Amino acid sequence: IVMTEILILGLISVSFAMVVQSEQLINVIKGVNTAKSSWNYYSFFSQRNIFAQFCMISMGASLFKYEIHKKKIYLGFVLLFMFNIYITDSQTALYASLFFITLFLYMRFKYKIILILLGFILLLFLVSFFPINLKVLSGHYDSASGLDSMSLRFYMWKSGFKELSSTHCWLLGMGEGAANIFLRKTYSYGSFHNSFVDIIFNGGIIKLLLVFGVYI
């Protein structure tokens, strides 16, 4: 029942976004002012990342319903939610969704080694013929640093991991609120824009395991 309710709410939210905010949707598809358009594509939620996260949760509910009923319409819902996540350009939600879909396929695939090899070959093909350009992954730019948001996030994560290594704080972290203090000095941000990195930096691997334990 809970999964059905989540799925219904998810479908209502994407329907609302695609109708009421169709201008932003079309702009992103056409590549017109994509940064502002994706930022304003948030359905009836307060912010696009929240909308994208709910789409990800709804996608999980769709996969659950598919496993129960084996109806292809639920796979169609998965694609619908993924499409809306893409339009929001919420990178954390997008990568998390791709990870869970990959995990779902891995668990259901009988010959797992073949799936791994195919994934590796696909990755080599993409890297060889389509060199990775971080600017392609995001249209949002930080005026202070002059970097696109994806590159900026990688720099923040790298500096945070370097700080944890130099202080030997991987296990327990730097303390609650440490991420805000650390990032304000260099990047003028209060978060790593990645929940997992925030958790590790503040509370270490132990806190991350506790968080996973609660959700599991």
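Computed from a predicted structure; not experimentally measured.

**Side note on helix α10 (residues 178–186)**
So, point 1. Every buried residue belonging to α10 is among Ala178, Ala179, Phe182 and Leu183, and all of these are buried. The buried residues of α10 occupy one face: seen down the axis, they fall within an arc of 110°. Opposite the buried face of α10, by more than 90 degrees, sit the exposed residues Ile181 and Lys185.
So, point 2. Ser188 lies just past α10 and shows a positive phi near 60°.

**Details of the packing of aromatic side chains**
So, point 1. Under the counting rule described, the total for this entry stands at twelve aromatic pairs.
So, point 2. Summarising the aromatic geometry, the rings of Phe45 and Phe54 are spaced 5.5 Å apart at their centres and angled 40° between planes, so their arrangement reads as tilted.
So, point 3. The buried category is assigned to Phe54, whose relative accessible area is 18%.
So, point 4. Where Phe192 meets Phe201, the ring centres are 5.2 Å apart and the plane angle is 55°; that geometry is what we call tilted. The pair Phe192 / Phe201 is uniform in exposure class, with both members buried.
So, point 5. Here the aromatic cluster, defined as three or more aromatic residues joined through ring pairs, consists of Phe16, Tyr41, Phe44, Phe45, Phe51 and Phe54.

Rules used throughout
- The numbering scheme is per chain: residues are counted from 1 as the chain's sequence reads.
- Only residues with pLDDT of at least 70 are given local features in this predicted model, and only at 80 or more are side-chain atom pairs given and counted; all residues enter the totals for whole chains, interfaces and linings.
- Derived side-chain values reflect all non-hydrogen atoms in the structure, with water molecules and hydrogen atoms excluded from consideration.
- Using a 1.4 Å probe on the protein chains alone, a residue whose accessible area is under 20% of its type maximum counts as buried, one over 50% counts as exposed, and one in between counts as partly exposed.
- In this description a helix means any DSSP run of H or I spanning at least four residues, a strand means any run of E spanning at least two, and both kinds are numbered starting from the N terminus.
- In this context, the arc is that of the directions from the helix axis out to the C-beta atoms.
- Between rings of Phe, Tyr and Trp, where Trp is taken as its six-membered ring, a pair exists when centres lie within 6.5 Å; planes separated by under 30 degrees are stacked, by over 60 edge-to-face, and by other angles tilted.

Everything listed here is a matter of geometry and, on its own, says nothing about what the molecule does.
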